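Notes for the structure review
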Amino acid sequence: MESDTCDILTRKPEASDGFAIHQLIAASPPLDLNSTYSYYLLSDHFRDSCVVAESQGQLAGFLSAYLIPSRPDTLFIWQVVVASDQRGRGIAGRMVDDLLARMETHGLQAIEGTVNPSNRASRALFERLARQRGCPLQETTFLEAEAFGPGGGHESEILLRLPLSS
Ligand SMILES: CC(C)(COP(=O)(O)OP(=O)(O)OC[C@H]1O[C@@H](n2cnc3c(N)ncnc32)[C@H](O)[C@@H]1OP(=O)(O)O)[C@@H](O)C(=O)NCCC(=O)NCCS
């Protein structure tokens, strides 16, 4: 896809971004909405591995990620969201690229994330990365739908892993 994001500013989040991030996620099904407080924590304690995208001073996107504590050479990308009127312009891809550029000196060995089987757009993000980096996209089941309790309210979570060193 052609990316036209020159009007987009990407940066690390500030704690004060937490509320706007919470609102953006609330308006972006099918993402799970976490508490406002969790977005404040992400924006402060995990700011080095999170990204905010802004368009004309407005929040246009957010990406949360962290180095897995027991495997700190692996970056886990958690939630990626772009405001509905800004989608399809390459903003999600730009946030991922900016984060990986920031992490260049961390000796990353792998990138992981989970996707729902029906979410084409989130899978496309990982496929794009695998293409860009020339690495395979390994797929396993992370959580079965039943793990989320009875009622069928949640799809299974598929773990996608990109080994960077192969
Ligand atoms: C997923 C999401 C973040 C993508 O944001 P975006 O800025 O529109 O994505 P980009 O424009 O950077 O596109 C990235 C890739 O995804 C593909 N893509 C984007 N939207 C797509 C869609 N609806 N269906 C299939 N592929 C899609 C693009 O074509 C591109 O792949 P390519 O480089 O091979 O062409 C956005 O659609 C969103 O916020 N969705 C709701 C929240 C969500 O489901 N998040 C993902 C789970 S964490």
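Report on the accompanying structure. Keep in mind it's a predicted model, so treat the numbers as computed, not measured.

On to the overall build of the protein chain. Of the regular secondary structure elements, the protein chain holds four helices and seven strands. In sequence order, the secondary structure elements of the protein chain are arranged as β-α-α-β-β-β-α-β-α-β-β. On C-alpha atoms alone, the protein chain measures out to a radius of gyration of 15 Å, which is about the 15 Å that the 2.2 N^0.38 rule sets for 166 residues. Structurally, the protein chain occupies a C-alpha span of about 40 × 40 × 30 Å along its principal axes. Burial status across the protein chain gives 42% buried among its 166 residues. Expressed as a percentage of contacts within the protein chain between residues at least 6 apart in sequence, the contacts between residues at least 24 apart total 64%. Accessible surface computed for the protein chain: about 8,900 Å², of which carbon and sulfur atoms make up 52%. In the protein chain, 14 side chains carry a positive charge and 21 a negative one; their mean positions are 4 Å apart.

Quick look at the site of the ligand now. Within the structure, the ligand sits among 23 residues, and Val80, Gly88, Gly90, Asn119 and Arg131 are positioned closest to it. Contact with the protein chains hides 77% of the accessible area of the ligand, taken as 920 Å² for the molecule alone. At a threshold of 2 Å from the grid points, most atoms of the ligand map onto the largest pocket. Elements that contribute at least two residues to the shell around the ligand include exactly strand E4 (71–82), helix H3 (91–102) and helix H4 (120–133).

Further remarks concern the packing of helix H1 (residues 18–26) against helix H2 (residues 36–45). At a closest axis distance of 8 Å, the pairing of H1 and H2 adopts a crossing angle of 125 degrees. What the angle tells us is that H1 and H2 run oblique. As H1 runs across H2, the sense of the crossing is right-handed. Counted together, Gly18, Phe19, Ile21, His22 and Ile25 of H1 and Thr36, Tyr39, Tyr40 and Ser43 of H2 form the full contact between these two elements. Its residues placed into classes, the contact of H1 with H2 shows five nonpolar, four polar and no charged.

Cut-offs used in this document
Residues numbered from 1 in each chain as written. Predicted model: local features only at pLDDT ≥ 70, side-chain atom pairs only at ≥ 80, totals over all residues. Heavy atoms only, no water. Helix = DSSP H or I, 4+ residues; strand = E, 2+ residues; numbered from the N terminus. Rg over C-alpha atoms; globule rule 2.2 N^0.38 Å. Buried < 20%, exposed > 50% of the residue type's maximum accessible area, 1.4 Å probe, protein only. Contact = heavy atoms within 4.5 Å. Areas by Shrake-Rupley, 256 points an atom, 1.4 Å probe, with all protein chains shown as cover. Lys, Arg positive; Asp, Glu negative; His and termini not counted. Charge placed at Lys NZ, Arg CZ, Asp CG, Glu CD. Near = heavy atom within 4 Å. 1 Å grid on protein atoms, 1.4 Å probe; cavity = no way out; pocket = protein on both sides within 12 Å on 5 of 7 lines; lining within 4 Å. Sits in = over half its atoms within 2 Å of the grid points. Axes fitted to C-alpha atoms, helices over the stretch in contact; angles between N-to-C directions. Parallel < 35°, antiparallel > 145°, perpendicular 65-115°, else oblique. Left-handed = near helix turned anticlockwise from the far one by under 90°. Nonpolar A, V, L, I, M, F, W, Y, C, P; charged D, E, K, R; others polar.

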